[in-house]
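Each chain, letter by letter, is given below.
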Amino acid sequence: MIRLIKKEELPMCVDFIHLCFFTVAQKFGFTKENCPGHNAFMPMEKLENFWNWGFIMYGLFEENQNGENKLVGYFSISKDPEKKDVWMLHNLCVIPEMQKQGFGKMLLDFAKEKARKLGGKNLFLDFIDEHTELKEWYLKNGFKFMGTVKYEHLPFTVGYAEYKL
């Protein structure tokens, strides 16, 4: 079940984001020292800021054997402040042990539909360009590669992609 995240669930979400993005940080050798802005090290205040700025956050929950709902996927979307019909996708992630089972696509399709229903014409995202498997996954799911930017403060190249809603 995909549903809106409640404000009181933000601590759970930041822990979940850390867990999901830590595998990426390990893969690319990111640490708090060489890449403090990476999602694996996101401070709670940053996620709270996103909430306060109007990011719409969703979680994919699965019921476990005890009847409790467990967070297994997460993403947020936000309206581009400069372009009225552009939405941005942030932090799409699935718990590592449940990746490659279709949950990411389920979340991505849900995000596309939500952005479209909110008046979006395009859904925009950025990613680690060197993460070729992820880049190819977004392209396979209909995103068009828009280019890259190399920021001096980041140990990777940022890739950009857009989906026409």
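Up top is the structure these notes are about.
Every value quoted in this text rests on a predicted model; they were computed, and no experiment measured them.

This part covers the sheet that holds strand 5 (residues 122-128). In sheet architecture, strand pairing relies on hydrogen bonds along the backbone and comes in two forms, parallel and antiparallel. Overall, mixed pairing links the seven strands, which are arranged 1-2-3-4-5-7-6 in an open sheet. Where the open sheet ends on each side, the last strands, each with one partner, are strand 1 (2-4) and strand 6 (144-150). Neighbour-to-neighbour, the strand axes of the sheet open up by a mean angle of 30°, direction not taken into account. Where strand 4 (residues 86-94) meets strand 5, three bridges bridge the pair, whose relative direction is parallel. Of the residues in strand 5, the one forming a bridge with valine 86 is asparagine 122.

Here we take up helix 3 (residues 103-117). Look at helix 3: 21 Å from first C-alpha to last across 15 residues, which is about the 21 Å you get at 1.5 Å a residue. Every buried residue of helix 3 is accounted for by Phe103, Gly104, Leu107, Leu108, Ala111, Lys112 and Ala115.

This brings us to the pairing of strand 3 (residues 69-79). Taking burial as the measure, the eleven residues of strand 3 include eight buried ones, the bulk of the element. One ladder, built from eight bridges, connects strand 2 (residues 56-63) with strand 3; its direction is antiparallel. Bridge assignment links glycine 59 to a residue of strand 3, and that residue is tyrosine 74. The hairpin turn running from strand 2 into strand 3, its antiparallel successor, is five residues long, and glycine 67 in that turn takes a positive phi close to 80°.

About the thresholds
Residues numbered from 1 in each chain as written. Predicted model: local features only at pLDDT ≥ 70, side-chain atom pairs only at ≥ 80, totals over all residues. Heavy atoms only, no water. Pairing = 2+ DSSP bridges. Helix = DSSP H or I, 4+ residues; strand = E, 2+ residues; numbered from the N terminus. Axes fitted to C-alpha atoms, helices over the stretch in contact; angles between N-to-C directions. Expected span 1.5 Å × (residues − 1). Buried < 20%, exposed > 50% of the residue type's maximum accessible area, 1.4 Å probe, protein only.

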